[in-house]
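Here is what each chain is made of, one letter per residue.
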Amino acid sequence: VASRTTSHMSLTLAFTPGAAIAGGLILGVSSLAHYLNCGKAVGASGLFRAFTHKKIAFEERLNHLPFLAGLFTSAKWIPLLGFSQQLIPVGGFGLVASSTRRAAAGLLVGVGSVAGNGCTSGHGLSGIGRLSVRSLINTCVFMASGAITALMFDTTGALGVSQRARTLDSVRWLTSEEFSLFGTFLVTGAIISGTIALAGRKGLIPRSGQVGAAIRAVHEYATGAFFGVGLCVGGMVNPAKVAAFLEFTKRSFDPSLMVLMASALAVLIPGFYVIKNGVERPTFHPEKSAFAEPFKGITPKLLVGGALFGAGWGLAGVCPGPMYVNCGASLFGGTISESGCLDLILAFFVGQNVMREIDSSGVLNAKKTSSSAEKKTSS
């Protein structure tokens, strides 16, 4: 059963460069739409600030919810868009069978994402896309840590991935129908976001006030769902494909994730540059003087955070964005109690809040800059 833990499964993977390119392009377009119209860079780990135990403004909590809701419900849009249910099975993809391992992975990802001020989307896509050296270093650290951990603890084995055949011997490209569906979805999303940006600047729709805030919330939900669909199309929601990428020395090595990130960055790097240099203010935040910039400075905490995040990612093949999508699929598929998602996401929540508590106490950061850093890099 695809939605349950995978202790008795045997999975044979295929290298899917076509789907990875399509998924990366969708991620790139959704990230740019979010940046252009809302002024914020996509960072999945920062979205759980909505549920932090720390005292933050109620409005700040609300601001994280629409995009997060889009990610959680993105699996529901897969069949409605006419996409194959194979992109994410009903009930979600299987997780590692050990509850202890899932909890450890969630805890490490939670602690590491706060300590390092970001995750695969916040640093690997949005940060590098804005040419942040800090994000590039963090990404290299969590990639290396993830690979070492996955190899040490045989994560592909824990997820039931077969080593009998080389994944690279089985290459699957997009069918003509998939190419048409994904292309139409991508172009439609780009046109709608661009139209909203133009309409706001022409005064055809309100950019502020209650109506403007409502339109912005709907837009953030839509870009969150769009981003989640991109994760599904690219295969990043499947922990087995992620683990097969990290375990690069095994026969099951699958470079699809590398292709996805490269195609996303091919859109993001020039896109961020054009927006930052050609657009004065975000569509729905006209009071802002500038778009969000990545936090600067390379600190020991950044490196430790990246290492811890990578270790958690390597243990289970799950990072925040795909975790939200998979947990949403599990919830809507009625398998939440048996899927293992609950202990994973609960441990992630605990890890994030424990790290925020450590930050606020000044144990690791006497200057207490973690909150602003997380907002700039992860939110």
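About the cut-offs
- Residues numbered from 1 in each chain as written.
- Predicted model: local features only at pLDDT ≥ 70, side-chain atom pairs only at ≥ 80, totals over all residues.
- Heavy atoms only, no water.
- Helix = DSSP H or I, 4+ residues; strand = E, 2+ residues; numbered from the N terminus.
- Rg over C-alpha atoms; globule rule 2.2 N^0.38 Å.
- Buried < 20%, exposed > 50% of the residue type's maximum accessible area, 1.4 Å probe, protein only.
- Contact = heavy atoms within 4.5 Å.
- Areas by Shrake-Rupley, 256 points an atom, 1.4 Å probe, with all protein chains shown as cover.
- Lys, Arg positive; Asp, Glu negative; His and termini not counted.
- Charge placed at Lys NZ, Arg CZ, Asp CG, Glu CD.
- Patch = residues over 30% accessible without salt bridge, like charges linked within 9 Å, V, L, I, M, F, W, Y side chains within 5 Å.
- Salt bridge = Lys/Arg side-chain N within 4 Å of Asp/Glu carboxyl O.
- Expected span 1.5 Å × (residues − 1).
- Polar contact = N/O pair within 3.5 Å; in protein donor to acceptor, adjacent residues only side chain to side chain.

### Remarks on the overall build of the protein
Item 1. A count of helices and strands for the protein gives 15 helices and 0 strands.
Item 2. A compact globule built from 379 residues would reach a C-alpha radius of gyration of about 21 Å, and the protein, at 19 Å, matches this within 12%.
Item 3. Dimensions of the protein, computed from the C-alpha atoms along their principal axes, are close to 60 × 55 × 35 Å.
Item 4. Counting over 379 residues, the protein shows a buried share of 57%.
Item 5. Residue pairs at least 24 apart in sequence account for 83% of intrachain contacts in the protein once pairs closer than 6 positions are excluded.
Item 6. With the model as given, the accessible surface of the protein reaches about 15,300 Å², and the carbon-plus-sulfur share is 68%.
Item 7. In the protein, which carries 31 positive and 17 negative side-chain charges, the distance between the mean positions of the two groups comes to 5 Å.

### Focus: a nonpolar patch on the surface
Item 1. A cluster of nonpolar side chains, namely Phe51, Phe58, Leu62 and Leu65, defines an oily patch on the protein surface of about 380 Å² accessible area.
Item 2. Given the relative accessible area of 31%, Leu65 is considered partly exposed.

### Some remarks on helix α1 (residues 17–38)
Item 1. Here α1 is 22 residues long and its end C-alpha atoms lie 31 Å apart, about the 32 Å a rise of 1.5 Å per residue gives.
Item 2. Most of α1 is tucked away: 20 of the 22 residues are buried.
Item 3. Directly beyond the C-terminal end of α1, a positive phi value near 75° is found at Gly39.

### Considerations on helix α3 (residues 99–115)
Item 1. Between its first and last C-alpha atoms α3 spans 24 Å; for 17 residues at 1.5 Å apiece the expected length is 24 Å, and the two agree.
Item 2. If you check the start of α3, you find a side-chain oxygen 3.4 Å away from the backbone N of Thr100, and it comes from Ser98.
Item 3. Just downstream of α3, Asn117 is the residue with a positive phi angle, here 60°.

### Remarks on unusual backbone geometry
If a residue is not glycine, its phi is most likely negative; likewise, a peptide bond is most likely trans.
Item 1. A positive phi is found at Asn117, a non-glycine position, where the angle reads about 60°.
Item 2. Turning to its location among the elements, Asn117 is positioned in the loop between α3 and α4 (120–129).
Item 3. Located in the positive-phi region is Asp154, a residue other than glycine, with phi close to 50°.
Item 4. Looking at where Asp154 falls in the secondary structure, it is placed in the loop between α5 (133–152) and α6 (155–158).

### Re the pattern of salt bridges
Item 1. Scanning all chains against the criterion turns up 10 salt bridges.
Item 2. Residues Asp254 and Lys241 are paired through a salt bridge, measuring 2.5 Å at the closest nitrogen-oxygen approach. Remark: Lys241 occurs in helix α9 (residues 239–246) and Asp254 occurs in the loop between α9 and α10 (256–278); sequence separation between them is 13 residues.
Item 3. Classification of Lys241 by relative accessible area gives buried; the value is 12%.
Item 4. The network of salt bridges with common partners includes Lys40, Arg216 and Glu220.

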